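Report on the structure
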Amino acid sequence: MPLRRRTIIQSLGTLLCATLLAVVVGLPGVSAKPLDPLPSWNPGAAKDSILTFVSQTTDTRSPEFIPAEERIATFDQDGTLWVEHPMYTQVMYILERVPELVKSKPELAQEKPYATVLSGLSGDRTSLESLTVPDLEKLAAATLTGMPLVTFNQEVKRWLATAKHPRWKRPYTELTYQPMQELLKLLRAKGYRTYIATGGGQDFVRVYAEEVYGIPPEQVIGTAGSTRYGYTSTGKPFLTKEPRLLLDNNNAGKPEGIHLMIGRRPTAAFGNSTGDRQMLEYTKAGGEANLAMIVLHDDASREYAYGPAQGLPDTKVGTFTQELYDEAKQEGWVVISMQNDWKQIFSFEG
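To start, this report covers the structure provided alongside it. (Residues numbered from 1 in each chain as written. Predicted model: local features only at pLDDT ≥ 70, side-chain atom pairs only at ≥ 80, totals over all residues. Heavy atoms only, no water.)

Moving on, we get to the nonpolar core. Counting 67 residues, the largest nonpolar core has Ile50, Phe75, Met180, Tyr208, Tyr213, Phe270 and Trp342 as the members making the most contacts within it. The greatest single-element share of this core, amounting to eight residues, is contributed by helix H3 (residues 89–104). When residues no more than four places from it in sequence are discounted, the contact partners of Ile50 are Leu38, Trp41, Leu183, Leu186, Leu291 and Met293. Ala224, Ile262, Phe320 and Leu324 belong to the second-largest nonpolar core, a separate cluster that totals 22 residues. (Core = buried A, V, L, I, M, F, W, Y, C linked by side-chain atoms within 4.5 Å. Buried < 20%, exposed > 50% of the residue type's maximum accessible area, 1.4 Å probe, protein only. Helix = DSSP H or I, 4+ residues; strand = E, 2+ residues; numbered from the N terminus. Contact = heavy atoms within 4.5 Å.)

Below you can see the structure in the form of structure tokens.
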């Protein structure tokens, strides 16, 4: 068949289909089915809670209507927006920066905790579990500070471009939860401003938040260190990251950081661990029109299972205690079961 004739026939076919669709939709009693804004969520109480909340708070006729300027939604990151097991992504960044640090300071190779990290990265990684909180604080100060902010941003971008999760062998930035990505987009489409409120490093998350979540750096609240203003040898001003803590954005620090950075109480908040308790409490106490949701990791086959709430394995990373679970049920927070409420976890599944 000549190309021109085939093209004409294809165009007519497309036009006919469009015409038929318009006629059918225009018939009495027939309407186009609206697209599901949360296709990766299974039908159930969690999905219904989101859709009802969004509908009621954005409808001017509703008694729960929230003015656009007050529509604030805050999200924890690790374990809420992306994978946090077997170890927080930023902790992996810190550990994998140690070999380069030792190259510039060879004397550190024989000192703890640097020697422990080098041994763990080159062999049995279980040795890394022996690192204490003071060890990690020392490593963080050595790898995250003492450099220009621009240099830090470049190093984080370079690491994220090549680093891969040990289980899925994919970049960490691909391990975001598809249901939560859909939720972020739905909220923004309805006039909500979405913020990250993370216990992780504020500067670290700001490097990739806009590209990965559509959240600009000025809407990232995290644990923050000080910076020092200075000049280069040519007189150009710059900021240097300092090892002095300004904000510990975890536990009670989350609502404190939210007030400091936003100045408004959230009307919706999402978390997954004891570190998010106060943020969820603060949100829920703000009035009748609010939504507090907490993710329960109970799907070992598709992701991980840990708690120890509901008899799940205990963990030091993203702890969700039975006490927290009971509080959620008592206070009207919605518990999201990863196993039951999420049809799809990652975008690359199928």
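To continue, consider the pairing of strand E3 (residues 220–231). Bridge analysis of strand E2 (residues 193–201) against E3 gives three bridges, and the strand direction is parallel. Note on E3: the bridge partner recorded for Ile196 is Val220. Examined bridge by bridge, E3 and strand E4 (residues 237–247) share seven bridges and lie antiparallel to one another. In the strand pairing of E4, Gly230 is matched with Phe238. In textbook terms, the turn of a hairpin is the stretch between consecutive antiparallel strands, and for E3 and E4 this stretch comprises five residues, one of which, Gly235, has a positive phi near 90 degrees. (Pairing = 2+ DSSP bridges.)

Quick look at helix H10 (residues 253–261) now. Among the residues making up H10, those that are buried are Gly253, Lys254, Pro255, Gly257 and Ile258. Among the structural elements, strand E1 (72–75), E2, E3, E4 and helix H11 (277–284) are those in contact with the buried residues of H10. Among the residues trailing H10, Gly263 stands out with phi positive, at a value near 85 degrees.

A few words now on the packing of aromatic side chains. Tallied over the entire structure, the rule returns 17 aromatic pairs. Seen in terms of ring centroids, Phe53 and Tyr192 are 5.9 Å apart; in terms of plane orientation they differ by 45 degrees. Their pairing is tilted. In this pair, Phe53 sits in helix H2 (residues 45–58) while Tyr192 sits in the loop between helix H7 (178–189) and E2, placing the two residues 139 residues apart along the sequence. Classification of Tyr192 as buried rests on a relative accessible area of 3%. The interplanar angle of 70 degrees and the centroid separation of 5.1 Å between the aromatic rings of Trp168 and Phe346 together place this pair among those described as edge-to-face. Linking Trp168 in the loop between helix H6 (149–162) and H7 with Phe346 in the segment after helix H13 (338–341), this pair joins segments that are 178 residues apart in sequence. (Phe/Tyr/Trp six-rings, centres within 6.5 Å; stacked < 30°, edge-to-face > 60°.)

As a further point, take the packing of H3 against helix H4 (residues 114–122). The interhelical angle for the contact between H3 and H4, taken along N-to-C directions, is 110 degrees, at an axis separation of 9 Å. Classified by the angle between their axes, H3 and H4 sit roughly perpendicular to one another. Where H3 crosses over H4, the two elements pack in a sense that is left-handed. In this structure, H3 contributes Leu95, Glu96, Val98, Pro99, Leu101 and Val102 to the contact, and H4 contributes Tyr114, Val117, Leu118 and Leu121. By residue class, the composition of the contact of H3 with H4 is nine nonpolar, no polar and one charged. (Axes fitted to C-alpha atoms, helices over the stretch in contact; angles between N-to-C directions. Parallel < 35°, antiparallel > 145°, perpendicular 65-115°, else oblique. Left-handed = near helix turned anticlockwise from the far one by under 90°. Nonpolar A, V, L, I, M, F, W, Y, C, P; charged D, E, K, R; others polar.)

On to unusual backbone geometry, then. Of the consecutive residues His85 and Pro86, the connecting peptide bond is found in the cis state with omega at 0 degrees. In this structure, the amide linkage connecting Lys112 to the following residue, Pro113, adopts the cis form with an omega of 10 degrees. You can see Pro113 is positioned in the loop between H3 and H4. Phi at Gln310 is positive, roughly 60 degrees, even though this residue is not glycine. By secondary structure assignment, the location of Gln310 is in the loop between strand E6 (291–296) and helix H12 (322–331).

Don't take any of this as a statement about function, it's just geometry.
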